[in-house]
Amino acid sequence: MITPASLLYPDAFLSPLAIDEAVHRALDEDLGRAGDITSLATIPEAAKAQAVLVARQSGIIAGLPLALATLQKLSPDIEVRAHVRDAARVAGGQSVLTISGPARAILTAERTALNFVGRLSGVATLTADYVARTEGTGMRICCTRKTTPGLRALEKYAVRCGGGFNHRFGLDDAILIKDNHIAVAVGIRPVLERARAHAGHLVKIEIEVDTLAQLREVLATGLADAVLLDNMDIATLREAVGMTEGRLKLEASGGVTPDSIAAIAATGVDYASSGALTHSAPNFDCALDIEM
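Below you will find a few notes about this structure.

About the cut-offs
Sequence order as written defines residue numbering, which begins from 1 separately in each chain. Reporting in this predicted model follows two pLDDT cut-offs: at least 70 for local features of residues, and 80 or more for side-chain atom pairs to be given and counted; totals over whole chains, interfaces and linings ignore these cut-offs and use all residues. Water and hydrogen atoms play no part in the side-chain values, which are based on all heavy atoms of the structure. Runs of H or I in DSSP of at least four residues are treated as helices and runs of E of at least two as strands, each being numbered from the N terminus. Each residue after the first adds 1.5 Å to the expected span of a helix. What we call the bend at a residue is the angle made by axes fitted to the seven residues finishing there and the seven residues starting there. Paired strands are those between which DSSP finds at least two bridges. Note on method: axes are straight lines fitted to C-alpha atoms, helices fitted across the in-contact stretch only, with angles between N-to-C directions ranging 0 to 180 degrees. Residue contacts follow a heavy-atom distance rule, with two residues in contact if any of their heavy atoms lie within 4.5 Å. With a 1 Å grid laid over protein atoms only, a set of points is called a cavity when a 1.4 Å probe fits there but cannot get out and a pocket when it is open yet has protein on both sides within 12 Å along at least five of seven lines; lining residues have an atom within 4 Å of a point. Grid points are joined across faces, edges and corners, and a volume is the space filled by probe spheres set on the points. Counted as salt bridges are all cases of a side-chain nitrogen of Lys or Arg within 4 Å of a carboxyl oxygen of Asp or Glu. Only protein chains enter the calculation, and the probe is 1.4 Å; a residue is then buried if its accessible area is under 20% of its type maximum, exposed if over 50%, and partly exposed in between. An angle below 35 degrees is treated as roughly parallel, one above 145 as roughly antiparallel, one from 65 to 115 as roughly perpendicular, and anything else as oblique. Left-handed describes a crossing whose near helix is turned anticlockwise from the far helix by less than a right angle; the clockwise case is right-handed. Under the convention adopted here, Pro, Cys and the residues Ala, Val, Leu, Ile, Met, Phe, Trp and Tyr are nonpolar, Asp, Glu, Lys and Arg are charged, and Gly plus all remaining residues are polar. For the purpose of charge, His is not counted, nor are the chain termini; Lys and Arg are scored as positive and Asp and Glu as negative. Aromatic rings from Phe, Tyr and Trp, with only the six-membered ring used for Trp, were paired whenever their centres fell within 6.5 Å, and each pair was classed as stacked if the ring planes differed by under 30 degrees, edge-to-face if by over 60, and tilted otherwise. In this analysis the charged atom, NZ for Lys or CZ for Arg, is taken to sit over a ring once it is within 6 Å of the ring centre and within 35 degrees of the ring normal. The criterion is simple. A nonpolar core is a set of buried Ala, Val, Leu, Ile, Met, Phe, Trp, Tyr and Cys residues joined through side-chain atoms within 4.5 Å.

1. Here's the deal with helix 4 (residues 103-133)
In this model, helix 4 (31 residues) spans 43 Å end to end at C-alpha, consistent with the 45 Å of a helix rising 1.5 Å per residue. Along its length, helix 4 reaches its greatest deviation from straightness, about 45°, at Glu-110.

2. Remarks on the sheet that holds strand 1 (residues 48-55)
The strand order 3-5-1-12 describes an open sheet built from 4 strands, whose pairing is antiparallel. What marks the edges here is a single partner per strand, and that holds for strand 3 (79-82) and strand 12 (286-290). When the angles between neighbouring strand axes are averaged without regard to direction, this sheet yields 20°. Relative to strand 5 (residues 95-102), helix 3 (residues 64-74) is tilted by about 5°, and along the sheet it contacts strand 3 and strand 5.

3. Some details on empty space enclosed by the protein
Under the definition given, this model contains 1 cavity of 30 Å³ or more. Empty space within the largest cavity amounts to approximately 50 Å³. Every residue lining the largest cavity is listed: Leu-53, Ala-67, Leu-71, Leu-97, Ile-99, Ile-106, Ala-109, Glu-110, Ala-113, Leu-114 and Leu-288. Elements with a minimum of two residues in the lining of the largest cavity: helix 3, strand 5 and helix 4. Ranked by residues supplied to the lining of the largest cavity, first place goes to helix 4 with 5 residues.

4. Let's talk about the pattern of salt bridges
Under the counting rule described, the total for this entry stands at 8 salt bridges. In this structure, Asp-129 and Arg-133 form a salt bridge, with 3.1 Å as the shortest nitrogen-oxygen distance. With Asp-129 and Arg-133 both in helix 4 and 4 residues apart, this pair spans about one turn of that helix. Between Lys-178 and Glu-208 there is a salt bridge, and its shortest N-O distance comes to 3.8 Å. In this pair, Lys-178 is assigned in the loop between strand 7 (175-177) and helix 6 (179-185) and Glu-208 in strand 8 (residues 205-209), connecting sequence segments 30 residues apart. Using a relative accessible area of 30% as the deciding quantity, one classes Lys-178 as partly exposed. With relative accessibility at 6%, the residue Glu-208 sits in the buried group.

5. Topic: the packing of helix 1 (residues 16-31) against helix 3
Where helix 1 contacts helix 3, the two axes come as close as 10 Å, and the packing angle between them is 60°. Comparing their axes, helix 3 and helix 1 come out oblique. Two packed elements cross with a definite hand, and for helix 1 against helix 3 that hand is right-handed. Residues Ile-19, Ala-22, Val-23, Leu-27 and Leu-31 of helix 1 form the contact with helix 3, whose participating residues are Pro-65, Leu-66, Ala-69, Thr-70, Lys-73 and Leu-74. Split into classes, the residues belonging to the contact of helix 1 with helix 3 amount to 9 nonpolar, 1 polar and 1 charged.

6. Comments concerning the packing of helix 4 against helix 5 (residues 152-161)
Relative orientation of the contacting elements helix 4 and helix 5 amounts to 45°, with a least axis distance of 7 Å. As summarised for this structure, helix 4 and helix 5 are arranged oblique, according to the angle between their axes. Here the hand of the crossing between helix 4 and helix 5 comes out right-handed. In this structure, helix 4 uses Phe-116, Arg-119, Leu-120, Val-123, Ala-124 and Thr-127 to contact helix 5, whose residues at the interface are Leu-154, Glu-155, Ala-158, Val-159 and Cys-161. Its residues assigned to classes, the contact of helix 4 with helix 5 comprises 8 nonpolar, 1 polar and 2 charged.

7. As for the layout of surface pockets
Of the voids in this model, the largest pocket is the one considered here, and its volume is about 450 Å³. Looking at the lining of the largest pocket, the elements that each hand over two or more residues are strand 6 (140-142), strand 7, strand 8 and strand 10 (249-253). Residues of the lining of the largest pocket, tallied by class, amount to 8 nonpolar, 2 polar and 8 charged. In this structure, the second largest pocket spans a volume of roughly 380 Å³. Surrounding the second largest pocket, 19 residues form its lining, Thr-144, Lys-146, Lys-178, Ser-253 and Ser-273 being those nearest its centre. The residue makeup of the lining of the second largest pocket, split by class, is 3 nonpolar, 9 polar and 7 charged.

8. Digging into the side chain of Asp-230
In this structure, Asp-230 sits in strand 9 (residues 226-230). No salt bridge is formed by the buried Asp-230; the nearest opposite charge belongs to Lys-178, separated by 6.9 Å.

9. Considering the packing of aromatic side chains
One pass over the structure, following the stated rule, counts 0 aromatic pairs. Across the ring face of Phe-165, the terminal group of Arg-140 is positioned such that the distance to the ring centre comes to 3.8 Å. Looking at Lys-156, its charged tip hangs above the ring of Phe-169, at a distance of 5.3 Å from the centre.

10. With respect to the nonpolar core
Core analysis: the largest hydrophobic core is formed by 63 residues, its most contacted members being Leu-66, Leu-192, Ile-207, Leu-215, Val-218, Val-227 and Leu-229. Of all the elements, helix 4 adds the most residues to this core, at 7 residues. In this structure, Leu-66 is in contact with Leu-14, Ile-19, Ala-22, Val-23, Phe-116, Leu-120 and Leu-154, ignoring residues within four places of it in sequence. Residues Ala-49, Ile-61, Ile-99 and Ile-106 belong to the second largest nonpolar core, which totals 28 residues.

In short, shape yes, function no, at least from these values alone.
In structure tokens form, the structure reads like this:
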């Protein structure tokens, strides 16, 4: 039997616990106390159906493991044939999954399954557009923590499906010193000294700067692993790259859009991060069509 794990993008990890939790939460939200009263009232218990999950636009597909887990949660008798797996590029009108089994379960799962695929494919497709605009530069496109509450692991997985990379998953996996941290700690050197004294040997330290003067101060300390260059124009980014001379990693952030990403990549920065990959990705158009 096909499993959610078999549909995952092989170059990215998504915990089966995250899949189960997301599916359980989404179905609980939709089924409420009485279940799908429309299907219960109108569809005979023994009725069977076949349906096809179809991409109605071109792009990068993601979320199929969650769609499958949704169907299997509602009936063990559901059978699914996958035509692609996550991270595949699909054309408009292309069949993605063929589903057969109890009609009630298929109809009840429809919206939840499509919500997962539409949301995550939208993130993957937007990410792939950013990545395509920087091809050949070596710069990595990264997401941020600007994710839908409760869906961070899923959306960051979708970024990987689109060819992007993940920034922090949370506050606990790296130190990122922002302008407010610097303000409260009263300066760049004091905040970096405190961070370095606290950090374990495997924890990276990144610090945000707004000006080249701040970048010079960071370089003089020798205490950071990476610098986030916040809302700098192209000329300033290029100057920052020259000033750093490869001594630490540089990340451009702020004003990172499809229109600006190619020019940002050409400056020589190592990374560009964009919250838009997750907070502003358009929903991917997909549908579930019944074939009786």
